[in-house]
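Coordinate analysis (summary)
Listed here are the chains, written in short residue letters.
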Amino acid sequence: MISVLYQNEVYRLLKSRRLKVMLVLMLLPVIVYFFTHEEITEYSAKALEISFQINISQFLINFWASVIGQLVVIIVMSDLLASEIDKGTIRLLLAKPIRKSEIVLGKFLSGITAVLVIFGIPYFVMQVYMVLLYKSGFEGFMATFDDFLFALGVTVIILGSLGAVSMLLSVVLSRPLYASLASFGLVFTAQFVLPQLPFFDNPERFNLSYQIGVLLKRGFTLHTGLDTYKGDPSMSALFFLSVILLSLIFTLLGLYRKEFEG
């Protein structure tokens, strides 16, 4: 039953106008790169890989995982359960032979699939364009494909944790708009208000974009500029995966405790 729920939700998300608008928005850095890319002095797979790591990390840290990217994920994930509760259609789901845990997991996985589409397509377009730009053919494509997958995986870990928190708040508040505002307020407070307090050391670690840099340096070994991001990638990954797990558990508990009239 969870597969049916997942397929239906993914189909609904992929055909939505909102997702298409978000995808176009996430393509903006790629379009910018089309017209502002660096002068190429060496046409080789190695040079391509170095350039790809530098460019994908810069756009990821400064745009894709910045406030804009975070807001995109919040909007997508906040709507998954809150819209069902707000419209009353959650009762139809609960009446079906499907566990509440399957509802939470199916919704979360469908949201992650939407995130993979919204961010994965721009990453892939940039990869293919750079392969053509460096005239490195299949060798260049394979040389950068692992980097493409790694960047996408880091994106899912960081922004997926934010999405899981948004799902939790959506169950608590029951309205997509309220959940989105609360999620963004929480993220804004954690990233920009708390670091201003004088008793926090290394306040930059609270910024999700900074944590992207910490995680990227584990796989982007040719991009030495990432060494400026201090932190243990393994510990950061463990923290964000724990946030995802705990948020989904509390989301499930919220569904069990919530009463649905009708």
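Just above sits the structure.
As the structure is a computational prediction, the values presented were derived from the model and not from experiment. (Residues numbered from 1 in each chain as written. Predicted model: local features only at pLDDT ≥ 70, side-chain atom pairs only at ≥ 80, totals over all residues. Heavy atoms only, no water.)

Take the packing of aromatic side chains next. As enumerated under the stated definition, the model contains 11 aromatic pairs in all. Considering the side-chain rings of Phe239 and Phe240, the 5.1 Å spacing of their centres and the 80 degrees angle between planes classify their relative orientation as edge-to-face. Taken together, the ring pairs in this structure connect Phe124, Phe141, Phe145 and Phe148 into an aromatic cluster. (Phe/Tyr/Trp six-rings, centres within 6.5 Å; stacked < 30°, edge-to-face > 60°.)

All right, on to helix H9 (residues 176-193) then. End to end, H9 covers 24 Å across 18 residues, agreeing with the expected 26 Å (1.5 Å per residue, within 8%). Taken residue by residue, H9 has Ala179, Ser180, Ser183, Val187 and Gln191 as its buried positions. All buried residues of H9 fall inside an arc of 100 degrees around its axis, so they share one side. Away from the buried face of H9 by more than 90 degrees, exposed residues Leu177 and Leu181 are located. Contacts made by the buried residues of H9 are with helix H5 (67-87), helix H8 (137-173) and helix H10 (208-219). (Helix = DSSP H or I, 4+ residues; strand = E, 2+ residues; numbered from the N terminus. Expected span 1.5 Å × (residues − 1). Buried < 20%, exposed > 50% of the residue type's maximum accessible area, 1.4 Å probe, protein only. Arc of directions from axis to C-beta. Contact = heavy atoms within 4.5 Å.)

Below, the discussion takes up the packing of helix H2 (residues 17-26) against H5. Running from N to C, H2 and H5 cross one another at 165 degrees; their axes reach a closest spacing of 11 Å. With respect to their mutual orientation, H2 and H5 come out roughly antiparallel. Here H2 and H5 pass one another in a crossing that is left-handed. On H5, the residues touching Arg18, Met22, Leu25 and Met26 of H2 are Ile68, Gly69, Val72, Ile75, Val76 and Asp79. (Axes fitted to C-alpha atoms, helices over the stretch in contact; angles between N-to-C directions. Parallel < 35°, antiparallel > 145°, perpendicular 65-115°, else oblique. Left-handed = near helix turned anticlockwise from the far one by under 90°.)

Here we take up the pattern of salt bridges. Oppositely charged side chains can form a pair if their charged atoms are brought close together. If you walk through the whole model with that rule in mind, you get five salt bridges. For Arg12, the salt bridge is made with Glu9, and the minimal N-O distance between the two is 2.3 Å. With Arg12 and Glu9 both in helix H1 (residues 2-15) and three residues apart, the pair spans about one turn of that helix. Among the residues examined, Glu9 registers a relative accessible area of 4% and is labelled buried. (Salt bridge = Lys/Arg side-chain N within 4 Å of Asp/Glu carboxyl O.)

Our next topic: the nonpolar core. Within the largest apolar cluster, 70 residues are counted, with the highest numbers of intra-cluster contacts made by Trp64, Phe119, Tyr123 and Met126. The biggest single contributor to this core is helix H7 (residues 100-133), with 13 residues. If sequence neighbours within four positions are ignored, Met126 has contacts with Pro29, Val30, Tyr33, Phe52, Ile56, Phe59 and Trp64. (Core = buried A, V, L, I, M, F, W, Y, C linked by side-chain atoms within 4.5 Å.)

Here we take up the environment of Phe188. Looking at where Phe188 falls in the secondary structure, it is placed in helix H9. Classification of Phe188 as partly exposed rests on a relative accessible area of 42%. Expressed as a C-alpha distance, the spacing of Phe188 and Val67, which sit 121 residues apart in the sequence, is 8.7 Å.

Here the focus is the side chain of Ser236. Relative to the helices and strands, Ser236 resides in helix H11 (residues 233-257). Look past the residues within four positions of Ser236 in its chain and what remains in contact with it is Gln211, Val214 and Leu215.

The α-helix advances 3.6 residues per turn, and as a result positions three or four apart in sequence lie on the same side. The terminal C-alpha atoms of H1 lie 20 Å apart, and with 14 residues this matches the ideal 20 Å at 1.5 Å per residue to within 8%. Regarding H1, the residues found buried are Leu5, Glu9, Val10 and Leu13. Projected onto a plane normal to the axis of H1, the buried residues spread over an arc of 125 degrees and lie on a single side. For H1, the exposed residues set more than 90 degrees away from the buried face come down to Gln7, Asn8, Tyr11 and Lys15. Buried positions along H1 lie against H2, H5, helix H6 (90-95) and H7.

Our next topic: the packing of H7 against H8. Relative to each other, H7 and H8 sit at 145 degrees, their axes nearing to 8 Å. The chirality of how H7 crosses H8 is right-handed. When grouped by side-chain class, the residues that make up the contact of H7 with H8 number 18 nonpolar, seven polar and one charged. (Nonpolar A, V, L, I, M, F, W, Y, C, P; charged D, E, K, R; others polar.)

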